[in-house]
Amino acid sequence: MRPARIHHHDHRPQWQLAHPFSALRRAARRAAPPRGEAPSGGAGVRRHFASVVPVLIIAAVALLALTGGTGMSWLPLLAVGPALAAATSGPWGVLRIGALAVGLGAAIGIHAGTSDRELTIVLAALSAVTLASSLAATLRRRREQVLAAVRSVAEAAQHAFLKPVPATVGPFQAAVRYSAAAAEARIGGDLYALVPTPYGIRLIVGDVRGKGLPAVGVAALVLGVFREAAYDEPDLLDVVHRIERSLARNLSPDDFVTAVIAGYPDADRMELVNCGHAAPLLVQDSAVLPVEPARPTPPLGLRALADESPILQEVALADGNQLLFYTDGVTEARDHEREFYPLSERLAVHLSEEPSHTLAALHEDLLIHVGGELHDDAAMLLLRKPAVAPVRPVGSVGSVGSNAVDEPVGRPPSRPVAAE
């Protein structure tokens, strides 16, 4: 059994400075441009305020035209109202704003004694801008509806392979936090799964090279193979070998997946297989210790190039200990001074006896660190072994809308139990 090792560092965790595969992943990511997250909860208030701005602009222009003594010279600016309304209002709202602009323009022109020809030209221009803005608002509304449909499908796809994690599973309290860089789709290339098996609790946390739909497809493949192999294979290394064989058949030469596969076969012992991934963080007596592998192992999909096999390491896990698995979207998040997020330090600050509270505080702190916008997929899965094991609810880990569990979790039975 290898004890966890403490590594002191400056800006990044030691595994990122020393691990030969971290540079490979960062280089592969440079080709993808960063994307922001969805707007915050104040977006509705801002949208309501923006819808009032066109009316205020029209009122200001009308006031200047009446008091500035320049007559018709201000009236073309009334077109700003319907043009701006196209970005915030629906087509009928734009038409109402346009009608207000045309009505005020006509009243001001008549009051200023403008010639019929000049007034007609100005009012025709205002009407044309209004109609064009109304058409633009219609097209924007349709695009928003399409985007909403795409988001709903993406959420359904995400729940299909990134299944919910219950608050308690086996002897552990558990929580997960996931944020996709492609916020418009709410789905990305990070992956996680936590499943009860006849051989104990088993989990995987990984990161697919790249972003977008190709990364999602690879993540779904890895999770499907893992869930099947985790239930069938008594040895955790055999689970890793099955994933590797499947990826060798289905991945392109440039694709790979970093991952940590873990198992809890019996009391007080956690097995880990680290395939080029970020070292999990072990919390013992409020001390945060990175669980570094004895030697670097290539990511899944690159074993043939490196000619190295993964190794199994064991970590003592006593009552009260916690183990945090995460992806490098967390530790490689930078602030405005280009400093990496100090996950180990911040975990010690936000640590609590409720994993969900810990991850919520870490996620909020991470958003503050980067200024409210993540540029990479980020996932965190936290396990805590309480002094008294929680009562496991009747339910299946990872089922959508249900928590049914049919098989015992703990030591391996005398023979494997076939999957239902």
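Treat the numbers as computed from the prediction; the structure is a model and nothing was measured.

Draft legend 1. Quick look at the packing of aromatic side chains. As enumerated under the stated definition, the model contains two aromatic pairs in all. With a centroid separation of 4.7 Å and an interplanar angle of 75°, the aromatic rings of F172 and Y264 are classed as edge-to-face. Placement of F172 in strand β2 (residues 172-179) and of Y264 in strand β5 (residues 257-266) is noted, with a sequence separation of 92 residues between them. Pair check on accessibility: F172 and Y264 agree, each one buried.

Draft legend 2. Representation of the packing of helix α11 (residues 343-350) against helix α12 (residues 355-370) in the model. Relative orientation of the contacting elements α11 and α12 amounts to 130°, with a least axis distance of 9 Å. Relative to α12, the element α11 lies oblique. Viewed along their axes, α11 and α12 form a crossing whose handedness is right-handed. Side by side, α11 and α12 meet where L343, R346, L347 and H350 of the first sit next to T358, A361, L362 and D365 of the second.

Draft legend 3. Spatial organisation of the sheet that holds β2. With antiparallel pairing, six strands are arranged side by side in an open sheet as β1-β2-β11-β10-β7-β8. The sheet is open, and its two borders are formed by β1 (168-169) and β8 (287-290), each paired with just one other strand. Alignment of strand β7 (residues 281-284) against strand β10 (residues 322-326), held across three bridges, turns out to be antiparallel. Pairing of V283 across the sheet is with Q322, part of β10. Relative to the sheet, α12 contacts β2, β10 and β11 (378-384), its axis offset from that of β2 by approximately 25°.

Draft legend 4. Quick peek at the pattern of salt bridges. Throughout the structure, instances matching the rule amount to nine salt bridges. A salt bridge links R140 to E144, with the nearest nitrogen and oxygen atoms 2.9 Å apart. Of the two residues, R140 and E144 are both situated in helix α6 (residues 116-161); the distance of four residues between them amounts to about one turn of the helix. Counted as one network, the salt bridges with shared partners bring together D232, E233 and R242.

Procedures and definitions
- Residues numbered from 1 in each chain as written.
- Predicted model: local features only at pLDDT ≥ 70, side-chain atom pairs only at ≥ 80, totals over all residues.
- Heavy atoms only, no water.
- Phe/Tyr/Trp six-rings, centres within 6.5 Å; stacked < 30°, edge-to-face > 60°.
- Helix = DSSP H or I, 4+ residues; strand = E, 2+ residues; numbered from the N terminus.
- Buried < 20%, exposed > 50% of the residue type's maximum accessible area, 1.4 Å probe, protein only.
- Axes fitted to C-alpha atoms, helices over the stretch in contact; angles between N-to-C directions.
- Parallel < 35°, antiparallel > 145°, perpendicular 65-115°, else oblique.
- Left-handed = near helix turned anticlockwise from the far one by under 90°.
- Contact = heavy atoms within 4.5 Å.
- Pairing = 2+ DSSP bridges.
- Salt bridge = Lys/Arg side-chain N within 4 Å of Asp/Glu carboxyl O.

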